[in-house]
Amino acid sequence: MPDGRQLADRVLDAVNAHDLDRLSRCYDRHAVLVTPLGVCEGREQIVGYWESLFKGFTDMAMTVWNRVECADPGFSEWTMTGTHTGSFALPDGVVGASGRRITVRGCGACHAKNDLVVAHRDYFDLLELYYQLGYSLVPD
């Protein structure tokens, strides 16, 4: 029976494989994913979130550099890298491909119940992502 730690690893492996079917099998149908980009409620919305990232960053990868060895939640610190090659939804609208590379540090926590992720929270600096994509908070 997988715990939060094992499920967090499964999610990260599926993300790095860009495998939406495997991701879908990781989450409970009522799971909730909270990120700086928004809240996804239910497996379908969560899979849609990952699909949007994969379309926006076709070479996206998450490299884990620290795993906390506890059963639940499964907690990981990671670096997400990729090239912005497709449309991508930000909280204030959809942006087209910029061709820019991103490197964003973050961490995530996965809570498990009945062998599935029921709650997943990812934390990263949204301002860092905006800056790397070429956006400024200061009007021209």
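Provided above is the structure to which this section pertains.
Residues numbered from 1 in each chain as written. Predicted model: local features only at pLDDT ≥ 70, side-chain atom pairs only at ≥ 80, totals over all residues. Heavy atoms only, no water.

1. Observations concerning the environment of L90
Within the secondary structure layout, L90 lies in strand β5 (residues 88–90). Taking the C-alpha atoms as reference, L90 lies 8.8 Å from Y130; in sequence the two are 40 residues apart. When neighbours within four sequence positions are excluded, L90 is seen to be in contact with L37, V95, L129, Y130, L133 and Y135. (Helix = DSSP H or I, 4+ residues; strand = E, 2+ residues; numbered from the N terminus. Contact = heavy atoms within 4.5 Å.)

2. Quick notes on the pairing of strand β8 (residues 116–124)
With 4 bridges connecting them, strand β1 (residues 27–35) and β8 associate as parallel partners. Directly across from V34, in β8, lies its bridge partner R121. Relative to β8, strand β7 (residues 101–113) runs antiparallel, the two being bridged by 8 bridges. Of the residues in β8, the one forming a bridge with H111 is A119. Linking β7 back to β8 in an antiparallel pair, the connection comprises 2 residues, with N114 at a positive phi of about 55°. (Pairing = 2+ DSSP bridges.)

3. Some points on the sheet that holds β1
Pairing is mixed across the open sheet formed by 6 strands, whose spatial order is β2-β1-β8-β7-β4-β3. Looking at the sheet topology across the chains shown, the edges are occupied by β2 (38–41) and β3 (61–68). The sheet shows a mean angle of 20° between the axes of neighbouring strands, taken without regard to direction. Strands in contact with helix α1 (residues 4–17) are β1, β3, β4 (74–83), β7 and β8; relative to β3, the strand with the most contacts, it is inclined by about 165°. Packed onto the sheet, helix α3 (residues 43–56) meets β1, β2, β3, β4 and β8 and runs at close to 50° relative to β1. (Axes fitted to C-alpha atoms, helices over the stretch in contact; angles between N-to-C directions.)

4. What to know about empty space enclosed by the protein
Over the atoms a probe the size of a water molecule is rolled, and this reveals where empty space is left. Per the counting criterion, the structure on display carries 2 cavities of 30 Å³ or more. Taken as a whole, the largest cavity encloses approximately 90 Å³ of empty space. A8, V11, L12, W50, M62, S76, W78, G108, A109, C110, H120 and D122 together form the lining of the largest cavity. At the level of secondary structure, the elements contributing two or more residues to the lining of the largest cavity comprise α1, β4, β7 and β8. Each pocket or cavity is described by its volume, and for the second largest cavity that value is around 30 Å³. (1 Å grid on protein atoms, 1.4 Å probe; cavity = no way out; pocket = protein on both sides within 12 Å on 5 of 7 lines; lining within 4 Å. Points joined across faces, edges and corners; volume = space filled by probe spheres on them.)

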